[in-house]
Amino acid sequence: MKSAQEDEYLEFVATRAKALYRSAYVLAAGDAHLAEDLVQETLSRVYVHWNRVARADSPAAYAQTVLVRTFLTLRRRRSTGERPTGTLPDGAATGPDTALRLTLLDALGQLPPRDRAVLLLRYWEDRSIEETARMLKLSNGAVRSQGTRALGRVRALLGDSLSDLVPH
């Protein structure tokens, strides 16, 4: 890659890496290590095709699409592999909304990967139905119905537990 293009790519990474990580963290249902892996894989794929990405209408949207597709591909491939453990190596996070955040991430983690991707794009990233459909290669109707079903599943999983966690 030429120096000017490399500088442009590095600037892109500096401005978009945190946003990509936040999205990856939600997709990974709070698994920080998986989120880091997703971002690294996404940025490496963007780097390989930087000439094309730089000319795109929105390089950020292109990278977001790569992130979601990388996540979905990884979930399909990783039917066997790493197994979660009951003990955590790091200390628990603290803060005013920690319990709420952990409860929501746990509920999202119980959804199928595509449902998580739809909820992330529609509600976390505030993407339109059309953008979400294009990014996931689905029809607009499929995004609507999948989003509605996924929200219903999250509500069913959470039950009344959110009312205890939300400050009044």
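Throughout, a residue's number is its position along its own chain's written sequence, starting from 1. Only residues with pLDDT of at least 70 get local features here, since the model is predicted, and only at 80 or more are side-chain atom pairs given and counted; chain-wide, interface and lining totals rely on the full set of residues. Hydrogens and water molecules were not included; the side-chain quantities draw on all heavy atoms of the structure.

**Q** Teacher, can you tell me more about the packing of aromatic side chains here?
**A** Working definition: an aromatic ring pair is given by the centre-to-centre distance plus the angle between the planes. Each Phe, Tyr or Trp ring (for Trp, its six-membered ring) is paired with any other whose centre lies within 6.5 Å, and the angle between the two planes then decides the class: stacked below 30 degrees, edge-to-face above 60, tilted in between. On inspection of all chains with the given rule, the structure shows four aromatic pairs. Arranged with centres 5.2 Å apart and planes meeting at 45°, the rings of Phe12 and Trp50 form a pair that is tilted. Of this pair, Phe12 sits in helix α1 (residues 3–27) while Trp50 sits in helix α3 (residues 50–55), and the two are 38 residues apart along the sequence. The residues Phe12 and Trp50 share a single accessibility class, namely buried. Ring geometry for Tyr21 against Tyr25: centres 6.0 Å apart, planes inclined by 40°, an arrangement best described as tilted. One end of the pair, Tyr21, and the other, Tyr25, are both in helix α1, four residues apart, so they sit about a helical turn from each other. Put simply, DSSP marks the helices as runs of H or I at least four residues long and the strands as runs of E at least two long, and each gets a number from the N terminus on. Burial classes follow relative accessibility: with a 1.4 Å probe on protein chains only, a residue under 20% of its type's maximum area counts as buried, one over 50% as exposed, and anything between as partly exposed.

**Q** Which parts of the structure should I look at to understand the pattern of salt bridges?
**A** A side chain of one charge can pair with a side chain of the opposite charge if their charged atoms are brought near each other. Just to be clear on terms, a salt bridge is a Lys or Arg side-chain nitrogen sitting within 4 Å of an Asp or Glu carboxyl oxygen. Going through the model one piece at a time under the given rule, you end up with four salt bridges. The residue Arg127 makes a salt bridge to Glu131 at a minimum N-O spacing of 3.8 Å. Residues joined in a network through salt bridges with shared partners are Glu125, Arg127 and Glu131.

**Q** Please clarify how a negative patch on the surface should be interpreted in this entry.
**A** Patch rule: a residue counts if its relative accessible area is over 30% and it has no salt bridge; like charges are joined within 9 Å, and nonpolar side chains (Val, Leu, Ile, Met, Phe, Trp, Tyr) within 5 Å. Areas reported as accessible are Shrake-Rupley estimates using a 1.4 Å probe. Residue values count occlusion only from the protein chains shown. Only four residue types enter the tally: Lys and Arg on the positive side, Asp and Glu on the negative side, with His and both chain ends excluded. Here the site of a charge means atom NZ of a Lys, CZ of an Arg, CG of an Asp or CD of a Glu. Residues Glu6, Asp7, Glu8 and Glu11 make up a contiguous surface patch of negative charge. Topologically, Glu11 is positioned in helix α1. Look at Glu11 and you get exposed, because its relative accessible area is 56%.

**Q** What exactly am I supposed to notice about the side chain of Thr42 here?
**A** Within the element layout of this structure, Thr42 appears in helix α2 (residues 32–48). For Thr42, a relative accessible area of 0% gives the class buried. Among the polar contacts made by the side chain of Thr42, one reaches the main-chain carbonyl oxygen of Leu38 at a distance of 2.8 Å. Here a residue-residue contact requires only that any non-hydrogen atoms of the pair lie within 4.5 Å. When near neighbours in sequence (up to four residues on either side) are disregarded, Thr42 contacts Ala63, Val66, Leu67 and Thr70. Polar contacts, as used here, are pairs of N or O atoms within 3.5 Å; protein pairs need one atom able to donate a hydrogen and one able to accept it. Residues neighboring in sequence count only if both atoms are side-chain atoms.

**Q** In this structure, what is going on with the environment of Arg144? I would like to understand it.
**A** In this fold, Arg144 is placed in helix α8 (residues 140–158). Using a relative accessible area of 44% as the deciding quantity, one classes Arg144 as partly exposed. As for Arg144 and Ile129, which are separated by 15 residues in sequence, their C-alpha atoms are 7.1 Å apart.

**Q** Could you clarify how one ought to interpret the nonpolar core in this entry?
**A** Within soluble globular proteins, side chains that are nonpolar generally end up buried alongside one another. In terms of nonpolar packing, the biggest core is built from 39 residues, with Leu27, Leu38, Val46, Val68, Leu108, Leu136 and Val154 touching the most fellow members. Counting residues per element, this core draws most heavily on α1, at seven residues. Residue types Ala, Val, Leu, Ile, Met, Phe, Trp, Tyr and Cys, when buried and joined through side-chain atoms within 4.5 Å, form a set referred to as a nonpolar core.

Any link to function would need more than the numbers given here.
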